[in-house]
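Here's the letter readout for the chains.
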Amino acid sequence: MMEQVRLPHGVLTHFGAAAGEKKPALVICPGGGYEFCSIREGAPVARAFARDGIESFVLEYDCSAPLLARQPVRTLSAAVAWVRENAARFSVDADRIAVGGFSAGAHLAGTLAAVWNKPEWFEAGTELSKHRPFAAVLGYPVVSAGEYAHRGSFVRLAGEDIAQQQAFSLEKLVDADTPPVFLWHTLTDATVPVENTLLLEAALRKAGVPHEVHLFPHGVHGLALADFETYDPARGRRPDRHLARWQALCAEWLKEL
């Protein structure tokens, strides 16, 4: 049975009950250009990770404000804190709560991973240790507000001023306190160019952050699990057995951290 929790500017849904004790958990942020939350990148992904032993939650974050600014990351902060406070009830290891997402949702997850210990990003009085993720899982992420930007995502966050958008550029935010990161992208993504992942990987390497990167030769943007449950033939999102292995590789990586 699904459980839903209402948070400030969002709803957290428990989709995937995994077997075992002291499990890792994953809070998934669907993509959608900070305009909506994609159904394809939510529940099916949560169920897949639960089958692999990772307790899974999906965050539907509010995208209705004319300028989102730091609202989404504060919503994700509250979601991670809620899972940590309720870890015993779900047989979750409170020290092993990861965040993840796709496209703009990956940007959101990556932002919390990068700024979790920076109080200016959060409401006054926020206990920063409660929302610290132990890892981040980023699929075809929106990263840079520079040359390779998915400009619409940054406009939704910061408005039309590119200088203001730079404050949300992930490759500029990560540092040595960023937790381990799992990244995957396709080389032929025409919506969010692979350079976003490459820029982030270089920044992680420079900061000494452990990370794993998978670059697949073919595939359009928004593939999600790249299986028959999440395919979208009208947009060229077809099942791909080879590419779909990202999820099993990621689950293995999370359990071995």
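This text gives an overview of the structure that appears in the document. All figures in this text were calculated on a predicted structure; none of them were measured in a lab.

Let us now look at the overall build of the chain. Scanning the chain for helices and strands turns up eight helices and eight strands. If one aligns the C-alpha atoms of the chain with their principal axes, the spans along those axes are about 45 × 45 × 35 Å. Looking at the chain residue by residue over its 257 residues, the buried ones come to 60%. Considering only residue pairs separated by 6 or more positions, the chain has 74% of its internal contacts joining residues 24 or more positions apart. Element-wise, carbon and sulfur atoms account for 53% of the exposed surface of the chain, whose accessible area totals about 10900 Å². Separation of charge centres in the chain, based on 25 positive and 30 negative side chains, amounts to 2 Å.

This brings us to helix α4 (residues 151-158). If you check which residues of α4 are buried, you get Ser153, Phe154, Arg156, Leu157 and Ala158. All buried residues of α4 project into a common sector of 165 degrees when viewed along the axis, lining one side. Those residues of α4 hidden inside the fold are in contact with α2 (71-85), α3 (104-115) and α5 (162-165). Phi turns positive, to about 85 degrees, at Gly159, one or two residues after α4.

On to the pattern of salt bridges, then. Under the definition given, this model contains nine salt bridges. Note that Lys130 is salt-bridged to Glu85, the shortest N-O span being 3.7 Å. Here Lys130 is found in the loop between α3 and β6 (136-139), whereas its partner Glu85 is found in helix α2, with 45 residues between them in sequence. By relative accessible area, Lys130 is classed as partly exposed at 32%. Notably, a salt bridge pairs Arg237 with Asp232, separated by 3.2 Å at the nearest N-O pair. A residue is classified by how much of its surface remains accessible, and Arg237, at 14% relative accessible area, is buried.

Looking at the element boundaries, Ala106 is found in helix α3. Overall, the relative accessible area of 0% leaves Ala106 in the buried class. Separated by 33 residues in sequence, Ala106 and Gly139 have C-alpha atoms that sit 6.2 Å apart. The residues touching Ala106, leaving out its near neighbours within four places in the chain, are Cys29, Gly101, Leu138, Gly139, Pro141 and Leu170.

For the coordinates displayed, the defined rule picks out 13 aromatic pairs. With 5.3 Å between their ring centres and 90 degrees between their planes, Phe57 and Phe90 make a pair best called edge-to-face. Of this pair, Phe57 sits in strand β4 (residues 55-61) while Phe90 sits in the loop between α2 and β5 (92-102); the two residues are 33 residues apart in sequence, bridging distant segments of the chain. Exposure remark for Phe90: the relative accessible area of 8% places this residue in the buried category. Among the aromatic residues, ring-to-ring pairing joins Phe49, Phe102, Tyr140, Trp184, Phe216 and Trp246 into one connected group. Residue placement shows Arg70 over the ring face of Trp121; its charged tip is 4.3 Å from the ring centre.

What follows is about the pairing of β5. Counting buried residues along β5, nine of its 11 residues qualify, which places the element largely inside the surrounding structure. One ladder, built from four bridges, connects β5 with β6; its direction is parallel. Bridge assignment links Gly100 to a residue of β6, and that residue is Val137.

The next thing to look at is unusual backbone geometry. Of note in this structure, His9 is not a glycine but carries a positive phi near 65 degrees. Summarising the element assignment, His9 is placed in the loop between β1 (3-7) and β2 (10-16). Although it is not a glycine, Ala226 adopts a positive phi angle of roughly 55 degrees. Summarising the element assignment, Ala226 is placed in the loop between β8 (211-216) and α8 (245-256).

Before going further, it helps to spend a moment on a nonpolar patch on the surface. The grouping of Leu187, Leu198, Val213 and Leu215 at the surface amounts to a nonpolar patch, some 310 Å² of accessible area in total. Note that Leu187 resides in the loop between β7 (181-186) and α7 (195-207). Among the residues examined, Leu187 registers a relative accessible area of 48% and is labelled partly exposed.

Moving on, we come to the side chain of Ser77. Relative to the elements of secondary structure, Ser77 occurs in helix α2. Setting aside residues no more than four positions away along its own chain, Ser77 makes contact with Leu112, Phe122, Thr126 and His131.

The rules behind each value
Residues numbered from 1 in each chain as written. Predicted model: local features only at pLDDT ≥ 70, side-chain atom pairs only at ≥ 80, totals over all residues. Heavy atoms only, no water. Helix = DSSP H or I, 4+ residues; strand = E, 2+ residues; numbered from the N terminus. Buried < 20%, exposed > 50% of the residue type's maximum accessible area, 1.4 Å probe, protein only. Contact = heavy atoms within 4.5 Å. Areas by Shrake-Rupley, 256 points an atom, 1.4 Å probe, with all protein chains shown as cover. Lys, Arg positive; Asp, Glu negative; His and termini not counted. Charge placed at Lys NZ, Arg CZ, Asp CG, Glu CD. Arc of directions from axis to C-beta. Salt bridge = Lys/Arg side-chain N within 4 Å of Asp/Glu carboxyl O. Phe/Tyr/Trp six-rings, centres within 6.5 Å; stacked < 30°, edge-to-face > 60°. Lys NZ or Arg CZ within 6 Å of the ring centre and 35° of its normal. Pairing = 2+ DSSP bridges. Patch = residues over 30% accessible without salt bridge, like charges linked within 9 Å, V, L, I, M, F, W, Y side chains within 5 Å.

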